[in-house]
Amino acid sequence: MSYSIKKAAVLGSGVMGSGIAAHLANIGIPTLLLDIVPKELTEEETKNGLTLEDKVVRNRFSDLALKKLLKQKPAPLTSKDNLGLIQAGNLEDDLNKLSEVDWVIEVVVEKLEIKKKVFEQVDKYRKPGSIVSSNTSGISVEAMAENRSEDFQKHFLGTHFFNPPRYLKLLEIIPTKHTDPNVTRFMKAFGEDELGKGVVLAKDTPNFIGNRIGTYGLLVTVREMLKGGYSVGEVDSITGPLIGRPKSATFRTLDVVGLDTFIHVANNVHEQVEGKEKEVFEVPDFMKKMFENGWLGSKSGQGFYLKKGKEILELDPNTFDYVERRKLSSPSLEMVKQVKGLSGKMKALVYAGDKAGTLLWNIFAPVLIYSAELVNVISDDIVSIDNAMKWGFGWKQGPFEIWDAIGVEKSVAKMKQEGLSVPSWIEDMLNNGLTSFYKETEDGTYFYHLGEYKKDEQNPKVINLKQLKNQGKLIKKNSGGSLIDLGDGVALLEFHSPNNAIGLDILQMINFSIDEVEKNYKGLVIGNQGKNFCVGANLALMLMEAQDDNFFELDMVVRQFQKAMMKIKYSPKPVVTAPFAMTLGGGSEVCMPSSHIQATMETYMGLVECGVGLLPGGGGNKELYIKHLKNMPNDVDFDLQKVANKVFETIALAKVSTSGDEAKQNNFLSNADGISVNGDHQLYDAKQVVLALHAQGYKPPKRLKVPVVGETGYATLLLGAQAMYLSGYISEHDLKIAKKIAFVIAGGRVPYGTEVDEQYLLDLEREAFLSLIAEPKTQQRMQYMLVKGKPLRN
């Protein structure tokens, strides 16, 4: 039987249920959101003369959840328009609508008996062949499906999303012994291709994979803090980015998650395991006391940390006083600043033997052993465990990758020396001369499994640039970029300068790549697999030149940038850009002239140059204006001034889209541009677009004249900026920048409606850019951004 999901229902409209409904709406799936019927009226409902029988009362919980979706931060919806795809209802009047949906997801309270009652109702109303799942974070999936019909059991499984569902990559899929393997296969593919998730298959054990190991690791860290006399702040100072974990480290993470949630998850395992494992999952007394005090973290205003004015204080677990936050100071922490790469840093730290090294070793050793003991218990292989921790908890390396980084032989010897028991399968592996869990070869990554190395089979839509380079697919490289052969006649230009900032090296590679593709390839993708697509031009380099009064040099660089962007636009072969995450300033300028933009759901595009006292200099003003014009209906009169106003506002206010959808609404993307829900599939999608454009006989766009609003339009554009200046909202320098932006967008001193050449607009842009970068106040803004990482208002 083949499956497809065209419509879904989410049962339970709490934070998680409404978040899942929002994510389904983000990918275009109409979704029912049902919750219980209220038992009593609110004061306001009584005042309005409503009764418990009124629909508005009966749907209160789900209606309220929809309203909250618009206010939540970070935003669960990629566009507010997506809310229209979610229909509110309740679990009494609307159960019959379950017969219309292809997937029912239960997200009610974490109590087995309540879940079973809900599924009894679902079984009565669902259509045969529809998929039913539970978003439980740790209750037995098998137990939930007891006494249900055979068709229900065949189509039932666990689908555990991590919060917030739009942003966290992990989706754990937990089949039962009755689940049809075709359903499991379909949901894995659907999870990756449609929901954009990293999917791991987990066994039906307490808390599955991520929460089982994550909770264990947190409790081990708390135990070591108490045993070693470390403070909350000291632990957080070394269990964050230093070891490849999120900035929130250990205790800030607990404050964000909420102590009540954490204790619930820990107790779930504690109740179901025995012996030493049970001891670890026993929540320490001081945390129980915090829970009794209501010190749950961010949601209650205090937890392991308390903010007083601008100061953040940490909890002393012995006295229960909030004291000044401390950072751990240790010789190894200074030493690792010289060590390159995460793996090198980890290896140096865990064997350091000082205060930092001892704490990290005492945290890592038990977590690594515990993960190894759970292979074949919670998952079928080590890859699922590593991926769950990376995708669900934001670790840069999973437990077995950490083990490889610190050296399996050396660490196992140290563990045994300390009387720790290492699982026999690891001893066997080492005895057979195999000293790592993973090995990289030309044809991919292999992992250790049942006595041999097995290939890590990836979704065919995943393209790994590092692997392609290892396979000899590199065409040419310099310090800023690499041109790589993607196969099938498509090349890819990868940026890899610091922060992927654009300098002369990248411009050189853009020119070379387009020439090379014109001769030997069907088309080009510009994309990479860094942290961000591109955060703009090389600010430090420009500031240095400006401070040295090298304006001739700067003029040459801006001209080269503009020429490279025009080369992208008018390339005889299709150029598809693949922006993701931060795509700011010059990053947006690279994308806008391309034949097609294949963004991701999480693409944050914006021309933000005015934040450092500049305006876009690589053609960004012109291209955003042209994109707005292209989105206007043909053969219909429209107000050119309104178009200019919108572009001016977007650039002058440095508006950044908060999603791919919003980038479309801001006209950084056109309606024809694509959005990949799964970022791992973006380069594959971009490659397919190149091939499709080539097959259609791609022709570059014609060079057309651009109508502008001219002198009268310039005056109109400035009205708002001058009013803001006079009322004290913006500074004199802000007004100067606004005037320059307005002059460029208006097309200079020409009559309204004049059609001008693109090069004319580029010249205006370059002249305005060079005049602003010469300003001392702009240079102060650039300096401040480079030093502090935030804009200066002067």
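Everything discussed here concerns the structure shown above.
Below, the structure is looked at part by part. Just so it is clear, the structure is predicted and the values come from calculations on it, not from any experiment. (Residues numbered from 1 in each chain as written. Predicted model: local features only at pLDDT ≥ 70, side-chain atom pairs only at ≥ 80, totals over all residues. Heavy atoms only, no water.)

## A short note on the overall build of the protein
Short version of the rule: For the purposes of this entry, the term helix denotes a DSSP run of H or I that reaches at least four residues, the term strand denotes a run of E that reaches at least two, and both are numbered from the N terminus. Under the scheme applied here, a residue whose accessible area is under 20% of the maximum for its type counts as buried, over 50% as exposed, and between as partly exposed, the area being computed with a 1.4 Å probe on protein chains only. By the convention used here, residues are in contact when the closest approach between their heavy atoms is within 4.5 Å. All accessible areas in this document rest on Shrake-Rupley with a 1.4 Å probe, and a residue is counted as covered only by the protein chains that are shown. Neither His nor the chain ends is counted toward charge; the positive residues are Lys and Arg and the negative residues Asp and Glu. The location of each charge is read from NZ of Lys, CZ of Arg, CG of Asp or CD of Glu.
Along its length, the protein carries 34 helices and 25 strands. Split into buried and exposed, the 794 residues of the protein put 55% on the buried side. Sequence separation of at least 24 residues holds for 69% of the intrachain contacts in the protein that already meet a minimum separation of 6. Total accessible area on the protein is roughly 34900 Å²; 52% of this is exposed by carbon and sulfur atoms. Measuring between centres, the 95 positive side-chain charges of the protein sit 3 Å from its 99 negative side-chain charges.

## What about the pairing of strand β12 (residues 438–441)?
Filter applied, for reference: Strand pairing is assigned whenever DSSP identifies at least 2 bridges connecting the two strands.
Bridge analysis of β12 against strand β13 (residues 444–449) gives 4 bridges, and the strand direction is antiparallel. Across the sheet, T441 pairs through a bridge with G444, a residue of β13. In this structure, the hairpin formed by β12 and β13 is closed by a connection of 2 residues.

## Overview of the packing of helix α16 (residues 342–350) against helix α19 (residues 399–406)
The description of two packed helices rests on the angle between their axes and on the distance between the axes. We count it as follows: Lines fitted to C-alpha atoms define the axes, with helix axes restricted to the stretch in contact, and inter-axis angles between N-to-C directions lie between 0 and 180 degrees. Any angle from 65 to 115 degrees is called roughly perpendicular, while one under 35 is roughly parallel, one over 145 is roughly antiparallel, and all others are oblique. Any residue that is not Ala, Val, Leu, Ile, Met, Phe, Trp, Tyr, Cys, Pro, Asp, Glu, Lys or Arg is counted as polar, Gly included; the first ten are nonpolar and the last four charged.
Their axes nearest at 8 Å, the elements α16 and α19 cross at an angle of 70°. Overall, the two elements α16 and α19 adopt an arrangement that is roughly perpendicular. Together, S343, M346, K347 and V350 of α16 and I402, A405 and I406 of α19 make up the contact between the two elements. Considering only residue class, the contact of α16 with α19 consists of 5 nonpolar, 1 polar and 1 charged.

## Description of the packing of helix α27 (residues 620–630) against helix α28 (residues 640–652)
This is how it is decided: Here a crossing is taken to be left-handed if its near helix is turned anticlockwise relative to the far helix by less than a right angle, and right-handed if that turn runs clockwise.
Between α27 and α28, whose axes approach to 10 Å, the crossing angle comes to 135°. Between α27 and α28, the interaxial angle falls into the category oblique. Both α27 and α28 take part in a crossing whose hand is right-handed. Contacts from N621, L624, Y625, H628 and L629 of α27 reach α28 at L640, V643, A644, K646, V647, T650 and I651. In the contact of α27 with α28, the residues fall into 8 nonpolar, 3 polar and 1 charged.

## Quick notes on unusual backbone geometry
In the segment running from K73 into P74, the intervening peptide bond is cis, with an omega of -10°. Following N163, the chain continues into P164 via a peptide bond in cis, with omega recorded as 0°. As for its placement among the helices and strands, P164 is situated in the loop between β6 (156–161) and β7 (170–175). Phi is positive for A249, which is not a glycine, with a value near 50°. By the element assignment, A249 lies in the loop between α10 (232–238) and α11 (251–257).

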